[in-house]
Amino acid sequence: MNKILVTGATGNVGQEVLAQLVSVGGPVRALVRAARRLDAGVEVAEGDLSRPDTLAQALVDVETVFLVWPFLTTEGAPAVLDVIRGHARQVVYLSSSGVNDEAERQSDPINQLHADMESLIKKSGLEWTFLRADTIASNTRGWAAQIRGTGVVRGPDIAATAVVDPRDVAAVAARVLVDDGHVGATYVLTGPEVVSRAQQVRAIGEAVGRPLRFEEVPVETAREQMLADGRPPALVEALLASAEKRPHAGLITSVVAEITGTPARTFRQWAADHADDFR
């Protein structure tokens, strides 16, 4: 089995990908920006996607890269892909289920970013597989302070989607990274049911054993709070644009079960397993 480099290795999905690969005995290396210890069985290499010149050593003997792009623009991506192509054969890219192949321009900046990244990867000469994930359940950790403080999650309402467990995204990624037959494939990964923000908050309340509620606020109010919390202005605008423009998405796929052999977890399962994050 060829060595796999995992970027975003300390993030919600990346750390789960590492765990999955270690469990199947995959030769895996984690890309980190500063030296640190990770779980046993994980080799660590220092490098920074914002500095392509730091990546070569991390890519030695690497055949496949699991790529999470952590920036709001594709600036720098061509240079990163050039370095990857000089060492590796394939990229498995974590994208968004909101990407619409039929649209000339995507509905919001985040989906546009993912569409642009997919286009660059296709043109790079690398073999590729795209994992278009729906809203990832662990994003709700951003509500933890409000839940602990007031029991009310305040924010703009976003169209309901089939929220997906990061463990399921990682399980699919691990299979795609180690098995043949996925080159050139685009997989849309969803949970088994469409859930609104209010339903997610209620499920977390059930998990922690106290009633919680979601309170919709105007976008401008949300903007002021997010900026006051210290979030970068560019990120705030991208998130709010996504909230305002995201259409209702009733799409539910069976890809998780088809590739892993196990049905996708519900959001309620994720909340129950991570209740301590909100206590």
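See above for the structure.
Below you will find a few notes about this structure. Here the structure is a predicted model, which means the values were calculated and not measured.

A separate point is the nonpolar core. When a protein is soluble and globular, its nonpolar side chains tend to lie buried together. V6, V17, L21, F66, L131 and Y187 are the most contacted members of the largest nonpolar core, which totals 32 residues. Those elements that provide at least two residues to this core are β1 (3-6), α1 (14-23), β2 (28-32), β5 (90-96), β6 (127-133), α5 (166-178), β8 (186-189) and α9 (255-260). With eight residues, the single largest contributor to this core is α5. Among residues more than four places away in sequence, those in contact with V6 are G14, V17, L18, L21, V28, R29, A30, L31 and F66. Ranked by size, the runner-up nonpolar core spans 25 residues in total, among them L55, V65, W69 and I84.

Glancing now at helix α7 (residues 219-228). Of all the residues in α7, the buried ones are V219, A222, R223 and M226. Along α7, the residues classed as buried sweep out an arc of 105 degrees about the axis, all on the same side. Every exposed residue of α7 that faces more than 90 degrees away from the buried side is listed here: E224 and A228. Phi turns positive, to about 95 degrees, at G230, one or two residues after α7.

A pair of packed helices is characterised by two quantities: the angle between their axes and the separation of those axes. The geometry of α1 relative to α5 is characterised by a closest axis approach of 8 Å and an angle of 50 degrees between their N-to-C directions. Taken together, the axes of α1 and α5 are oblique relative to one another. Viewed along their axes, α1 and α5 form a crossing whose handedness is right-handed. Taken together, the residues of α5 that come into contact with α1 (itself represented by E16, V17, Q20 and L21) are P166, R167, A170, A171, A173, A174, L177 and V178. In the contact of α1 with α5, the residues fall into nine nonpolar, one polar and two charged.

Take the side chain of T161 next. The residue T161 is located in the loop between β7 (152-155) and α5 in this model. Since its relative accessible area comes to 5%, T161 is described here as buried. A polar contact is formed between the side chain of T161 and the side chain of T135, at a distance of 3.1 Å.

Here we come to the packing of aromatic side chains. In the structure shown here, the tally under the stated rule is five aromatic pairs. Ring centres of W270 and F278 lie 6.1 Å apart, and the angle between their planes is 75 degrees; on these two criteria the pair is classed as edge-to-face. With respect to class, W270 is no different from F278; both count as buried.

Buried within α1 we find G14, V17, L18 and L21. The arc that holds every buried residue of α1, seen down its axis, measures 100 degrees, which confines them to one face. Elements in contact with the buried residues of α1: β1, β2, β4 (62-67) and α5. Downstream of α1 by a residue or two, G25 has a phi angle that is positive, lying close to 80 degrees.

Our focus in this paragraph is the environment of L235. With respect to the helices, strands and loops of the structure, L235 is situated in helix α8 (residues 233-245). Given the relative accessible area of 28%, L235 is considered partly exposed. Measuring from C-alpha to C-alpha, the distance between L235 and V22 comes to 33 Å, with 213 residues separating the pair along the chain.

For the structure shown, the criterion picks out 18 salt bridges. The salt bridge involving R132 is made with D101; its shortest N-O contact spans 2.7 Å. A residue pair is termed long-range when its members are at least 10 positions apart, and R132 in strand β6 and D101 in the loop between β5 and α3 (109-123) qualify at 31 residues. According to the relative accessible area criterion, D101 is exposed, its value standing at 57%. Between R223 and E237 there is a salt bridge, with its nearest N and O atoms 2.8 Å apart. Within this pair, whereas R223 is found in helix α7, its partner E237 is found in helix α8, the two being separated by 14 residues in sequence. Its relative accessible area of 18% is what places R223 among the buried residues. What you see here is one network of salt bridges that share partners, running through K3, R29 and E43.

The subject of this paragraph is the sheet that holds β5. Ordered by their spatial adjacency, seven strands build an open sheet running β3-β2-β1-β4-β5-β6-β8, and the pairing between neighbours is parallel. What marks the edges here is a single partner per strand, and that holds for β3 (43-46) and β8. Each strand of the sheet is rotated relative to its neighbour by a mean of 20 degrees, with strand direction disregarded. In terms of strand pairing, β1 meets β2 through three bridges, oriented parallel.

Rules of the game
- Residues numbered from 1 in each chain as written.
- Predicted model: local features only at pLDDT ≥ 70, side-chain atom pairs only at ≥ 80, totals over all residues.
- Heavy atoms only, no water.
- Core = buried A, V, L, I, M, F, W, Y, C linked by side-chain atoms within 4.5 Å.
- Buried < 20%, exposed > 50% of the residue type's maximum accessible area, 1.4 Å probe, protein only.
- Helix = DSSP H or I, 4+ residues; strand = E, 2+ residues; numbered from the N terminus.
- Contact = heavy atoms within 4.5 Å.
- Arc of directions from axis to C-beta.
- Axes fitted to C-alpha atoms, helices over the stretch in contact; angles between N-to-C directions.
- Parallel < 35°, antiparallel > 145°, perpendicular 65-115°, else oblique.
- Left-handed = near helix turned anticlockwise from the far one by under 90°.
- Nonpolar A, V, L, I, M, F, W, Y, C, P; charged D, E, K, R; others polar.
- Polar contact = N/O pair within 3.5 Å; in protein donor to acceptor, adjacent residues only side chain to side chain.
- Phe/Tyr/Trp six-rings, centres within 6.5 Å; stacked < 30°, edge-to-face > 60°.
- Salt bridge = Lys/Arg side-chain N within 4 Å of Asp/Glu carboxyl O.
- Pairing = 2+ DSSP bridges.

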